[in-house]
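Chain residues, written in single-letter form:
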Amino acid sequence: MDAQLKKGLLEVCVLAAIREEESYGYKIISDLTPYIEISESTLYPILRRLESGGMLTARTEAYNGRLRKYFRITQLGTAKINEFVEAMEQFKVISDFITRGGGV
Amino acid sequence: MTWKEWELHLMEGLSPLSLEERAKIAEYYQEMYGDKLEAGISEEEILKEFGDPKACAQKILLENGEEITPTQEVKKVEPSPTQPQVEKQNTPQVKKPQAVKETVIKIEPKKEERSIVSRVFSIIGFIVLTLLSVFAVLVLGAFALTFACVALSGCVYSIAAFAYGLDVEGTLANFGAGLALIGVGILLSLLFAWLTKIVGLGCKKQLTSFFERRIKA
């Protein structure tokens, strides 16, 4: 998959992983792995970017005697997912056109 | 390699980042490590999944927009096929937030390293400018002192000549010229004092910043 396309896709995937309820790093990776390849060193910059972009917020909480950071989606993050879904619908039309070989 | 060694190598690789940012990344990996351990994965397997620490660091730096030298190519971290899936029933339940603590991740831009050549030139330039400034100030000071001495001697001579009844008109003119020279001398002295202060402060500022840079480096 194209690196840039995957980068954008991963951001939306991370947002989708925390859409229903807040989540933490390991769980996000575990939830996404069946669908898309993502490593720890890939996730960190994505979380940082999404947080600085106001698409998610983070809070640190003690868990089993250690710290764990939980991420929660914001309205901006939800809007980003919706925007992606709309774009995908348009891509689907284009994809069908390409698949048909350009014929009407 | 142990976990502590892995962490140490990662931090070494992240040295271009600020201490604050490195601490956040360390916390991130500590959390990941703890979660994987709890999921029953061995230390060896976790480190295998994390991949090469230097490659992880480079990947993070690359994502942060840091420049990487051509010799430091990013190695692709392949996820292990043995990575376990988190089953819903085994997943630790996420606690409801008790006290929401917002955190903002901030990246400090990497400061450009100055080359040795530019440092040597700046030091040479600083020394030359300092010597020139000191020389100029000293010359001005010497002028001021000379004016003052000549004027003082002229005045003393005029008073003496006037007392002995010598050439009255000439001595009066001499006295006037002496007073004028004293005025010029005072003005030059003031200028000398002001310039000394400026040069002194400039030297102090340059030296301070130079030593601060050395300490930071």
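Structure report, in brief.

### Things to note about the overall build of chain B
Okay, so step 1: Along its length, chain B carries 6 helices and 0 strands.
Okay, so step 2: Going residue by residue from the N terminus, the α and β elements of chain B occur as α-α-α-α-α-α.
Okay, so step 3: Split into buried and exposed, the 217 residues of chain B put 28% on the buried side.
Okay, so step 4: In chain B, of all internal contacts separated by at least 6 residues, the share reaching a separation of at least 24 is 67%.
Okay, so step 5: In the structure as shown, chain B presents an accessible area of about 14900 Å², 67% of it carried by carbon and sulfur atoms.

### A look at helix 5 (residues 116-163) of chain B
All names here are of chain B.
Okay, so step 1: Over its 48 residues, helix 5 runs 70 Å from end to end, which matches the ideal 70 Å to within 8%, given 1.5 Å per residue.
Okay, so step 2: Within helix 5, the full set of buried residues consists of Thr130, Val137, Leu140, Gly141, Ala144, Ala151, Gly154, Cys155, Ser158 and Ala161.
Okay, so step 3: A positive phi of about 70° marks Gly165, the residue just after helix 5.

### Considerations on the pairing of strand 3 (residues 66-73) of chain A
Residues and elements named next belong to chain A.
Okay, so step 1: Counting buried residues in strand 3 gives 6 out of 8 residues, a clear majority hidden from the surface.
Okay, so step 2: Pairing of strand 1 (residues 23-24) with strand 3, which is carried by 2 bridges, proceeds in the antiparallel orientation. Across the sheet, Ser23 pairs through a bridge with Phe71, a residue of strand 3.
Okay, so step 3: Summarising the sheet, strand 2 (residues 56-63) and strand 3 pair through 8 bridges and their orientation is antiparallel. The residue bridging Thr60 from the neighbouring strand is Lys69, located in strand 3.
Okay, so step 4: Where strand 2 folds back onto strand 3 in an antiparallel hairpin, the turn is made up of 2 residues, including Asn64, whose phi is positive at roughly 50°.

### Points about the nonpolar core
Okay, so step 1: Ranked by internal contacts, the top residues of the largest apolar core, which has 46 residues, are Val14(A), Ile28(A), Leu43(A), Leu10(B), Leu14(B), Tyr29(B) and Phe50(B).
Okay, so step 2: In terms of residue count, helix 2 (residues 19-38) of chain B provides more of this core than any other element does, 6 residues in total.
Okay, so step 3: With near-sequence residues (within four places) excluded, Leu10(B) lies in contact with Ile25(B), Tyr29(B), Pro53(B), Cys56(B) and Ala57(B).

### Section: a nonpolar patch on the surface
All names here are of chain A.
Okay, so step 1: Together, Met88, Phe91, Val93, Ile94, Phe97 and Ile98 give the surface a local cluster of nonpolar side chains, amounting to about 600 Å² of exposed area.
Okay, so step 2: Its location among the elements puts Ile98 in helix 4 (residues 75-99).
Okay, so step 3: Residue Ile98 is classed as exposed on the basis of its relative accessible area, which comes to 59%.

### Describing the packing of aromatic side chains
Okay, so step 1: Under the definition given, this model contains 9 aromatic pairs over all chains.
Okay, so step 2: Summarising the aromatic geometry, the rings of Tyr24(A) and Tyr70(A) are spaced 5.8 Å apart at their centres and angled 80° between planes, so their arrangement reads as edge-to-face. Here Tyr24(A), found in strand 1, pairs with Tyr70(A), found in strand 3; they are 46 residues apart in sequence, far enough to count as distant. In terms of burial, Tyr24(A) and Tyr70(A) fall into one category: buried.
Okay, so step 3: Pairing Trp3(B) with Trp6(B) gives two aromatic rings, centres 5.9 Å apart and planes at 20°, and the pair type is stacked. Linking Trp3(B) with Trp6(B), this pair stays in helix 1 (residues 3-13), spanning 3 residues, or about one helical turn.
Okay, so step 4: Accessibility expressed as a relative area gives 1% for Trp6(B), which makes it buried.
Okay, so step 5: An aromatic cluster is defined as three or more aromatic residues linked by ring pairs; in this entry it consists of Tyr44(A), Trp3(B), Trp6(B), Tyr28(B), Tyr29(B), Tyr33(B) and Phe50(B).

### Quick word on the sheet that holds strand 3 of chain A
All names here are of chain A.
Okay, so step 1: On the basis of which strands lie adjacent, the open sheet formed by 3 strands has the order 1-3-2 and antiparallel pairing. Each edge of the open sheet is held by one strand with a lone partner, namely strand 1 and strand 2.
Okay, so step 2: Contacts from helix 3 (residues 40-52) reach strand 2 and strand 3 within the one sheet, and its direction differs from that of strand 2 by about 120°.

Conventions adopted
Residues numbered from 1 in each chain as written. Chains lettered and ligands numbered in written order. Predicted model: local features only at pLDDT ≥ 70, side-chain atom pairs only at ≥ 80, totals over all residues. Heavy atoms only, no water. Helix = DSSP H or I, 4+ residues; strand = E, 2+ residues; numbered from the N terminus. Buried < 20%, exposed > 50% of the residue type's maximum accessible area, 1.4 Å probe, protein only. Contact = heavy atoms within 4.5 Å. Areas by Shrake-Rupley, 256 points an atom, 1.4 Å probe, with all protein chains shown as cover. Expected span 1.5 Å × (residues − 1). Pairing = 2+ DSSP bridges. Core = buried A, V, L, I, M, F, W, Y, C linked by side-chain atoms within 4.5 Å. Patch = residues over 30% accessible without salt bridge, like charges linked within 9 Å, V, L, I, M, F, W, Y side chains within 5 Å. Salt bridge = Lys/Arg side-chain N within 4 Å of Asp/Glu carboxyl O. Phe/Tyr/Trp six-rings, centres within 6.5 Å; stacked < 30°, edge-to-face > 60°. Axes fitted to C-alpha atoms, helices over the stretch in contact; angles between N-to-C directions.

All we've got here are geometric facts, nothing functional implied.
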